[in-house]
Amino acid sequence: MRPDNDNASPAIVHFPRRNILSPVEASAYLGIRPLLLNAMKWLRCGPKAITINRRRVYTEDELRGFRNTLMSAVGVAENGGAYRLLAAGERAPAADPLITLLARNLVWRRAILVLLWGMMALGIGIDLILF
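For every chain, the first residue of its written sequence is number 1, and the numbers climb from 1 along that sequence. With the structure being a predicted model, the display of local features is reserved for residues of pLDDT at least 70 and the display and counting of side-chain atom pairs for 80 or more, all residues being used for whole-chain, interface and lining totals. Note that the side-chain values use all heavy atoms of the structure and ignore hydrogens as well as water.

## Quick look at the nonpolar core
- Ile 32, Leu 37 and Met 40 are the most contacted members of the largest nonpolar core, which totals 19 residues.
- Each helix corresponds to a stretch of at least 4 residues labelled H or I by DSSP, and each strand to a stretch of at least 2 residues labelled E; elements are numbered beginning at the N terminus. Top element by residues in this core is helix 4 (residues 97-130). It accounts for 5 residues.
- Residue contacts are counted whenever heavy atoms from the two residues lie within 4.5 Å of one another. Discounting chain neighbours no more than four positions away, the residues touching Ile 32 are Ser 27, Leu 37, Met 40, Ile 99, Thr 100 and Ala 103. By nonpolar core is meant a set of buried Ala, Val, Leu, Ile, Met, Phe, Trp, Tyr and Cys residues that side-chain atoms within 4.5 Å join together. Burial status follows relative accessibility: with a 1.4 Å probe on protein chains alone, a residue under 20% of its type maximum counts as buried, one over 50% as exposed, and anything between as partly exposed.

See the structure below:
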């Protein structure tokens, strides 16, 4: 077993036809900040994560599917335009404004929904206690 501070380990673990990314790498892949990815995890509205050795990781296929789902909601295609798959040596920009706006909208809608349901449950609980 490797120690936690092992800097020799690769950033992406390669499995046959699957790439596994850490949360920081996943947020860079999507073009959003890691805090926004964590907010999506807490609200359960982000890409599906898997757990390996108690660490949350994301598959590249899941991230690509999540990104395509966000973009198809507003009618933007991945290929043939400004949004395309990157070549092997090409780096993505630091932040993708479209994906950032779509992810913030998703988090905002889910937070409002959770807040309203929580207020409703609290009201019912108070009502049951008082009467």
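## Observations concerning unusual backbone geometry
- Of note, Asn 53 is a non-glycine position whose phi angle comes to about 55 degrees, a positive value.
- By secondary structure assignment, the location of Asn 53 is in the loop between strand 3 (50-52) and strand 4 (55-59).
- A positive phi angle is found at Arg 54, which is not glycine, with a value near 65 degrees.
- Topologically, Arg 54 is positioned in the loop between strand 3 and strand 4.

## Things to note about a nonpolar patch on the surface
- Surface patches are defined over residues having more than 30% relative accessible area and no salt bridge, joining like charges when they lie within 9 Å and nonpolar side chains (Val, Leu, Ile, Met, Phe, Trp, Tyr) when within 5 Å. What sets the accessible areas is the Shrake-Rupley method with a 1.4 Å probe; for residues, cover comes only from the shown protein chains. We count a salt bridge whenever a side-chain nitrogen from Lys or Arg sits within 4 Å of a carboxyl oxygen from Asp or Glu. Taken together, the side chains of Trp 108, Ile 112, Leu 115, Leu 116 and Met 119 define a hydrophobic patch exposed on the protein surface, amounting to about 550 Å² of accessible area.
- Counting through the fold element by element, Leu 116 comes out in helix 4.

## Describing helix 3 (residues 60-73)
- For helix 3, with 14 residues, the first-to-last C-alpha span of 20 Å sits near the 20 Å given by 1.5 Å per residue.
- Of all the positions in helix 3, only Glu 60, Leu 63, Phe 66, Arg 67, Leu 70 and Met 71 are classed as buried. Projected onto a plane normal to the axis of helix 3, the buried residues spread over an arc of 130 degrees and lie on a single side. Exposed and oriented more than 90 degrees from the buried face of helix 3 are Thr 69, Ser 72 and Ala 73.
- Remark: Gly 75 follows helix 3 within two positions and exhibits a positive phi of approximately 80 degrees. The span one expects for a helix is its residue count, reduced by one, times 1.5 Å. For this quantity, the arc is that covered by the directions from the helix axis to the C-beta atoms.

## So, the side chain of Asp 96
- Inspection of the secondary structure assignment puts Asp 96 in the loop between helix 3 and helix 4.
- In the analysis that follows, any N or O atom pair within 3.5 Å is treated as a polar contact, provided that within protein one partner can donate a hydrogen and the other can accept it, and provided that, for residues neighboring in sequence, both atoms belong to side chains. Here Arg 67 takes part through its side chain, which lies 2.9 Å from a polar atom of the side chain of Asp 96.

## A look at the packing of helix 1 (residues 23-30) against helix 3
- Across the interface, helix 1 lies against helix 3 with an axial gap of 10 Å and an inter-helix angle of 35 degrees. As for how helix 1 packs across helix 3, the hand of that crossing is right-handed. On the side of helix 1, the interface is formed by Ala 26, Tyr 29 and Leu 30, while helix 3 contributes Glu 60, Leu 63, Arg 64, Phe 66 and Arg 67.
- Asp, Glu, Lys and Arg are counted as charged, while Ala, Val, Leu, Ile, Met, Phe, Trp, Tyr, Cys and Pro are counted as nonpolar; the rest, among them Gly, fall into the polar class. Tallied by class, residues from the contact of helix 1 with helix 3 come to 5 nonpolar, no polar and 3 charged. Axis angles are defined between N-to-C directions and span 0 to 180 degrees, where every axis is a line fitted to C-alpha atoms and, for a helix, only to the segment in contact. For any pair of crossing helices, the crossing counts as left-handed if the nearer helix is rotated counterclockwise from the farther one by less than a right angle, and right-handed if it is rotated clockwise.

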